[in-house]
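Residues per chain, in single letters:
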Amino acid sequence: YPVDLNSILGIVCSNLESTIRQNQATIIYHNLPTVIGDSSQLVQLFQNLIDNAIKYRREEPPKIQISVELRENEYLFAVKDNGIGIDPKCFERIFQIFQRLHTPEEYSGTGIGLAICQKIVELHGGRIWVESHLGEGTTFYFTISSYSY
Ligand code: ATP
Ligand code: MG
């Protein structure tokens, strides 16, 4: 089904309303496309990424920028944060289920968020990967097939 990602982000922001408010997080997005997909899965995809971007924040208020560009036959999305970053040695591991880089005392969580994101992206015909520098921030990239209307 056609899914307007601007409304998906609206749902995500209202689901995460108290987390966003408590952390004074800013979530920036403009003119996201409509894609063919499953709306509840797409909510979960963006929600898991934004939840991480807020959880793994640094001292300053989290700022999350969602951008998209149209490639040949797919959209390339970027979800960029200004958080603690991820060691490049761990880029593969974080997408595996129950793999976490921190103790429960440091950050709570089960380690399934990104494994679910990867499944959802693959179900939508895309790929997901990460780029990051420790102490600077992280960008998750993923592709979703594009269809013209
Ligand atoms: P949950 O199942 O509650 O989401 P989780 O957040 O620990 O638990 P994932 O979302 O799968 O699990 O993330 C896996 C690991 O990747 C995290 O434990 C964290 O170490 C790292 N990580 C994920 N997103 C970020 C991010 N935006 N910035 C820094 N580290 C991140
Ligand atoms: Mg998570």
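Everything here concerns the structure above.
This one's a predicted model, so the numbers in the text were calculated from it and none came from an experiment.

K.L.:
Tell me about the pairing of strand β7 (residues 137-145), and please be specific about residues and values.
P.N.:
Alignment of strand β5 (residues 74-80) against β7, held across seven bridges, turns out to be antiparallel. Bridge assignment links Y75 to a residue of β7, and that residue is I144. Of the strand pairs in this sheet, strand β6 (residues 128-133) and β7 are connected by six bridges, and their pairing is antiparallel. Bridge assignment links I128 to a residue of β7, and that residue is F142.

K.L.:
Account for the nonpolar core, with residues named and values stated.
P.N.:
Counting residues in hydrophobic clusters, the biggest one holds 29 residues, and the most contacted among them are F46 and L49. Elements supplying a minimum of two residues to this core: α1 (5-15), α3 (39-55), β4 (63-70), β5, α4 (113-123) and β7. With eight residues, α3 is the single largest residue contributor to this core. Ignoring anything within four residues of it in the chain, the contact list for F46 reads I8, L9 and V12.

Rules of the game
- Residues numbered from 1 in each chain as written.
- Chains lettered and ligands numbered in written order.
- Predicted model: local features only at pLDDT ≥ 70, side-chain atom pairs only at ≥ 80, totals over all residues.
- Pairing = 2+ DSSP bridges.
- Helix = DSSP H or I, 4+ residues; strand = E, 2+ residues; numbered from the N terminus.
- Core = buried A, V, L, I, M, F, W, Y, C linked by C-beta atoms within 7 Å.
- Buried ≥ 20, exposed ≤ 12 C-beta atoms within 10 Å, placed from the backbone.
- Contact = placed C-beta atoms within 7 Å.

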